[in-house]
Amino acid sequence: MAKLLSCVLGPRLYKIYRERDTDRAATSVPETPTAVPAASSSSWDSYYQPRALEKHADSILALASVFWSISYYSSPFAFFYLYRKGYLSLSKVVPFSHYAGTLLVLLAGVACLRGIGRWTNPQYRQFITILEATHRNQSAENKRQLANYNFDFRSWPVDFHWEEPSSRKGSRGGPSRRGVALLRPEPLHRGTADTFLNRVKKLPCQITSYLVAHTLGRRMLYPGSVYLLQKALMPVLLQGQARLVEECNGRRAKLLACDGNEIDTMFVDRRGTAEPQGQKLVRRGREPKGVVGSTGYSVLGWNHPGFAGSTGVPFPQNEANAMDVVVQFAIHRLGFQPQDIVIYAWSIGGFTATWAAMSYPDISAVILDASFDDLVPLALKVMPDSWRALVTRTVRQHLNLNNAEQLCRFQGPVLLVRRTKDEIITTTVPEDIMSNRGNDLLLKLLQFRYPRVMTEEGLRAVRQWLEASSQLEEASIYSRWEVDEDWCVSVLRSYQAEHGPDFPWSVGEDMSVDGRRQLALFLARKHLHNFEATHCTPLPAQHFQMPWCL
């Protein structure tokens, strides 16, 4: 009876990973006395095969879940309609509550039938036995056996906790339960006294900003956190996870962040291979695709809060909290030194990447692909002009992805990948490459690091280079100013040897206009790599490269 109850309350099982060798296959069956003997794994299909009762019951519950999600999103309009029609009176609500109660009882019955279907399936009974054993004792053997299954990640045991003593060494106290530190925006009206009357006047605007950010704003910025979209993309996600586990020996883990969110991660370890770059860890948001293929680097991928198996909602504070526990996991559990960690981020992942670079200054390098400097211009692009003040206030208070500000606090090597056909982070049309906010990210970084080089002449030369529509035109602009790369490297190395590596540098202070132009173009070319593609095109392995280092 206890096993039947476990099957009723247990998670949904998606896949049983196929074995890669006979030794592993021989040890894939749990050695606990409660385990149910099973046929050889070669006779089982790699996808879990539910019995008819479980399959049909699962379909009914999945359909009910989709209807509930649709009802949740449409509830404000539904309540308004019912109110206008007079259906919210007590005489109407009571019968409706009876119908809702009956529906819930029926769904509970369907869940019980699904549990019976699972109980009659030896595959599921073996899985639930391993899961329960792992929750009781997280031994290496139990976790290895559990890794052969892909199931609802909510039931996966926590592998790493933000409060683990070893993870807080040398972190100056580490994060509190409220979260890690973020850069806060300056007040919109700096000279105004913050009196009680002013607070009351601001209250309606603050409430409106909060509602916009937590309803429309967050879902527009992070569409991958919307349940219906996740449901539609689930088969693709499962296929990608299976490839990482079966072909790349990926290891999944659940991390508990300081705000209570559970972070879904996947680690591909290349340290045991003959390739020397396997000693370097490339950390990226979402699943570690693209750079895994043929680069040879070890990769730690993670899903943002609210994406895939990660819980919570992807607001900046939650994002930074998640990033903090991921970095701590890489250092204190996986055994990588900060100087061996390279952070790669795509699109909105630039916020967490630049936060980590700012907060962990010893990391090796940062690579930002299709990222931007600030969210405000991109938010204003998609909203009506009459909403300008509201949009600016909402972004600054609740969705402040201030990538450039954070990146300028990092002293290490940086590479920006600009998509020349990007349709997302341009403020006009994809063909207008100068409206790509990756340009602004580059210019702000160079202006901070080399303010004497990025004067009016240097800025003008770099903008001309950024405006080039082809590699041929880029080379033409580069050669027009007769950039001597050996001379540029010599000047920069001499300055570094004399003044040290810390930015900002005053190099270029006593230099001619021609010299500043050459240095500006040289530095721009070393910090930005063009990739002729749209925003969502996966980055091929041959376009993945380490940042330039002097």
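Looking at an unreviewed UniProt entry, one finds the chain named Phosphatidylserine lipase ABHD16A, with Rattus norvegicus as its source organism. What UniProt records for the chain under Catalytic activity (unreviewed entry) is the sentence "Hydrolyzes glycerol monoesters of long-chain fatty acids."

Engineer: Help me out: how do you make sense of the nonpolar core in this one?
Structural biologist: What tends to happen in soluble globular proteins is that the nonpolar side chains get buried as a cluster. Grouped together as the largest cluster of nonpolar side chains are 94 residues, with contacts concentrated most on Trp-355, Tyr-450 and Val-507. Per-element accounting of this core gives the leading share, nine residues, to helix α10 (residues 316–332). Discounting residues that sit within four places of it in the chain, Trp-355 has contacts with Val-180, Ala-181, Leu-182, Ala-320, Met-323, Asp-324, Tyr-360 and Gln-406. If you look at the next biggest cluster of nonpolar residues, it comprises 15 residues, including Val-299, Phe-531, Leu-539 and Phe-544.

Engineer: Explanation requested: unusual backbone geometry in the structure shown.
Structural biologist: Note: most peptide bonds trans; most residues except glycine with negative phi. Note that the residue after Phe-503, namely Pro-504, is joined by a cis bond; omega there is 5°. Mapped onto the elements, Pro-504 comes out in the loop between α18 (485–499) and α19 (513–527). For Ala-308, which is not glycine, the phi dihedral falls at a positive 50°. Residue Ser-347 is not a glycine yet carries a positive backbone phi of 60°. Residue placement: Ser-347 occurs in the loop between β8 (341–346) and α11 (350–359). Note on Ser-347: relative accessible area 8%, which makes it buried.

Engineer: I keep staring at the sheet that holds strand β10 (residues 414–419) and nothing clicks. Help me out?
Structural biologist: Within a sheet, adjacent strands bond to each other through the backbone by hydrogen bonds, running parallel or antiparallel. With mixed pairing, the nine strands of this open sheet are ordered in space as β3-β4-β5-β7-β6-β8-β9-β10-β11. In the strand order of this sheet, the two ends are held by β3 (160–161) and β11 (528–531), each with one partner. Taken together, the three bridges between strand β6 (residues 281–285) and β8 define a ladder with parallel strand orientation. Bridging across to β8, Arg-283 finds its partner in Ile-343. Sheet contacts for helix α8 (residues 227–248): β4 (251–256) and β5 (262–268); angle to β5, the most-contacted strand, approximately 40°.

Engineer: Before we go on, may I ask you to explain a negative patch on the surface in this structure?
Structural biologist: A contiguous patch of negative charge on the surface is contributed by Glu-431, Asp-432, Glu-467 and Glu-473. Inspection of the secondary structure puts Glu-473 in helix α17 (residues 471–480).

Engineer: Is there a simple way to explain the pairing of strand β7 (residues 298–302) in this structure?
Structural biologist: Side chains on a regular strand alternate between the two faces of the sheet. Along β7, five of the five residues are buried, which leaves the element largely enclosed by surrounding structure. The alternating pattern of β7 places Ser-298, Leu-300 and Trp-302 and Val-299 and Gly-301 on opposite faces, both of which are buried. In this structure, β5 lies alongside β7, joined through four bridges in antiparallel fashion. Across the sheet, the residue bridging to Thr-265 is Trp-302, located in β7.

Engineer: When you look at the pattern of salt bridges in this model, what are you seeing that I'm missing?
Structural biologist: Inspection of every chain in the model, using the stated rule, returns 20 salt bridges. When the shortest N-O distance is used, the salt bridge between Lys-15 and Glu-246 registers 3.9 Å. Of this pair, Lys-15 sits in strand β1 (residues 13–16) while Glu-246 sits in helix α8, and the two are 231 residues apart along the sequence. Take Lys-15 and Glu-246: they sit in the same class, and that class is buried. Close ionic contact of Glu-164 with Arg-333 constitutes a salt bridge, the shortest N to O distance being 2.9 Å. Note that Glu-164 is positioned in the loop between β3 and α7 (196–221) and Arg-333 in the loop between α10 and β8, a separation of 169 residues in sequence. Ionic contacts of the salt-bridge type, sharing partners, join the residues Asp-373, Arg-437, Asp-440 and Lys-444 into one network.

Calculation notes
- Residue positions are given per chain, counting from 1 as you read along its sequence in written order.
- The predicted nature of this model means local features are confined to residues of pLDDT at least 70 and side-chain atom pairs, given and counted, to a pLDDT of 80 or more, with totals for whole chains, interfaces and linings taken over all residues.
- Excluded from the side-chain calculations are hydrogens and water; all other atoms, namely the structure's heavy atoms, are used.
- UniProt positions are given in the numbering used here, feature names are shortened, and annotations may be inferred rather than shown by experiment.
- Buried residues of nine kinds, namely Ala, Val, Leu, Ile, Met, Phe, Trp, Tyr and Cys, make up a nonpolar core once their side-chain atoms join them within 4.5 Å.
- Relative accessible area decides the class of each residue, using a 1.4 Å probe on protein chains only: under 20% of the type maximum gives buried, over 50% gives exposed, and in between gives partly exposed.
- Segments assigned H or I by DSSP are reported as helices when at least four residues long, segments assigned E as strands when at least two residues long, and all are numbered from the N terminus.
- Any pair of residues with heavy atoms lying within 4.5 Å of one another is described as a contacting pair.
- Any two strands are treated as partners once DSSP identifies two or more bridges connecting them.
- To define axes, lines are fitted to C-alpha atoms, for helices over the stretch in contact only, and angles between the resulting N-to-C directions are given on a 0 to 180 degree scale.
- Only residues above 30% relative accessible area that lack a salt bridge enter a patch, with like-charged residues linked at up to 9 Å and the nonpolar side chains Val, Leu, Ile, Met, Phe, Trp and Tyr linked at up to 5 Å.
- The accessible surface values rely on the Shrake-Rupley method and a 1.4 Å probe; as for residues, cover is taken only from the protein chains in view.
- Just to be clear on terms, a salt bridge is a Lys or Arg side-chain nitrogen sitting within 4 Å of an Asp or Glu carboxyl oxygen.
- The charged-residue count follows a simple rule in which Lys and Arg add positive charge and Asp and Glu add negative charge, with His and chain termini not counted at all.
- Where a charge lies is defined by one atom per residue type, namely NZ (Lys), CZ (Arg), CG (Asp) and CD (Glu).

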